[in-house]
Amino acid sequence: MRAVDSICLDAMTREDAWTLLNEYTSNPSLIKHMLAVEAAMRAYARKFGEDEEIWGTIGLLHDFDYEKWPSREDHPYRGAEILRARGAAEDWIQTILSHADYTGVPRSSLRDKALFAVDELCGFLTACAYVRPDRRIATVEVDSVKKKLKQKSFAAQVSRDDIINGAAELGVSLDEHIAFVRDAMAEVADTLGL
Ligand SMILES: [Fe+2]
Ligand SMILES: [Fe+2]
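These remarks concern the structure in this document. None of these values were measured; they are calculated from a predicted model.

**Quick word on the coordination of the iron ion (ligand 2)**
- On the protein side, the iron ion (ligand 2) has His 33 (NE2), His 62 (NE2), Asp 63 (OD) and Asp 119 (OD) as donor atoms, found 2.1 to 2.2 Å from it.
- In this structure, the iron ion (ligand 2) is coordinated by four donor atoms arranged in irregular fashion, with angles at the metal of 85 to 178°.
- Each donor residue of the iron ion (ligand 2) belongs to the same chain, with the gaps between them written as H-x28-H-D-x55-D.
- Here the iron ion (ligand 1) and the iron ion (ligand 2) are spaced 4.0 Å from one another, each receiving a donor from Asp 63. Of this pair, His 33 sits in helix 2 (residues 28–48) while Asp 63 sits in the loop between helix 3 (52–61) and helix 4 (77–85); the two residues are 30 residues apart in sequence, bridging distant segments of the chain.
- Among the residues examined, Asp 63 registers a relative accessible area of 7% and is labelled buried.

**Let's talk about the pattern of salt bridges**
- All chains considered together, the criterion is met by 17 salt bridges.
- Here Glu 23 and Arg 86 are joined by a salt bridge, their closest N and O atoms 3.9 Å apart. Of this pair, Glu 23 sits in helix 1 (residues 14–24) while Arg 86 is found in the loop between helix 4 and helix 5 (90–98), placing the two residues 63 residues apart along the sequence.
- By relative accessible area, Glu 23 is classed as partly exposed at 39%.

**Quick word on the coordination of the iron ion (ligand 1)**
- Looking at the metal site, the iron ion (ligand 1) is ligated by Asp 63 (OD), His 75 (NE2) and His 99 (NE2), spaced 2.1 to 2.2 Å from it.
- In the primary sequence, the donor residues of the iron ion (ligand 1) line up as D-x11-H-x23-H.

**Looking at the side chain of Asp 162**
- Along the chain, Asp 162 turns up in helix 8 (residues 160–170).
- Among buried charged residues, Asp 162 stands out as having no salt bridge; its nearest opposite-charge side chain is Arg 107, 6.6 Å away.

**A word on helix 4**
- When we look at burial in helix 4, the residues that qualify are Gly 79, Ala 80, Ile 82 and Leu 83. Looking down the long axis of helix 4, one finds its buried residues gathered within 165° of arc, a one-sided arrangement.
- Structurally, helix 4 contributes buried residues whose contacts are with helix 1, helix 3 and helix 5.

**Re the environment of Lys 32**
- Secondary-structure assignment places Lys 32 in helix 2.
- A relative accessible area of 32% means that Lys 32 is categorised as partly exposed.
- Along the primary structure Lys 32 and Gly 123 are separated by 91 residues, whereas in three dimensions their C-alpha atoms are 9.7 Å apart.
- Ignoring anything within four residues of it in the chain, the contact list for Lys 32 reads Thr 191 and Leu 192.

**Quick look at the environment of Ala 129**
- Note that Ala 129 resides in helix 6 (residues 110–130).
- Each C-alpha atom of the pair Ala 129 and Ala 80 lies 32 Å from the other, and the pair is 49 residues apart in sequence.
- The residues touching Ala 129, leaving out its near neighbours within four places in the chain, are Arg 135, Arg 136, Ile 137, Val 140 and Leu 194.

So, how was this worked out
Residues numbered from 1 in each chain as written. Chains lettered and ligands numbered in written order. Predicted model: local features only at pLDDT ≥ 70, side-chain atom pairs only at ≥ 80, totals over all residues. Heavy atoms only, no water. Donors = N, O, S within 2.8 Å, 3.2 Å for Na, K, Ca; no water. Tetrahedral: all angles 85-135°; square planar, octahedral: opposite > 155°, others 65-115°. Helix = DSSP H or I, 4+ residues; strand = E, 2+ residues; numbered from the N terminus. Buried < 20%, exposed > 50% of the residue type's maximum accessible area, 1.4 Å probe, protein only. Salt bridge = Lys/Arg side-chain N within 4 Å of Asp/Glu carboxyl O. Lys, Arg positive; Asp, Glu negative; His and termini not counted. Arc of directions from axis to C-beta. Contact = heavy atoms within 4.5 Å.

Interpretation note: all reported values are geometric properties and have no functional meaning in isolation.
See the structure below:
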């Protein structure tokens, strides 16, 4: 295997991104979050006729610096610096920076909007699956997700505004978005343990 330091992101494969991610992250929940976001980004890329490998790889990488540097002062800036030092394309870095609302980096491309739209929803859907008797993502119902979105105490750390605004920015209805991301996660349910 090539040393991670030698990777140029312009030619970065999904496997290269996976290696980089595992170099910085050991928390299984966080790794699963990035895998969920990857699956959702791949699905949206297919829907919109965009490059599935690029969208998926960016999804896989978007929080790779979070475990080491979780503060708003550091994440996702540290990751962006690391990617830049390794020759990442500036538009990849732009997408990753724009997933955190507080960076103020505008979400200008459809890819930026998709990443923002799926990020918090993936976490929320995981929480919805965990409280089901079967713990399966595939059987999570849209209506029950919407009900839980209104319950402030359920998965309280997940921003409802980000989910609702994310869908609106992406130009999809909330119902459609929830069902779409759930189905994308269900495709990799075994990997996600859901
Ligand atoms: Fe993040
Ligand atoms: Fe995330």
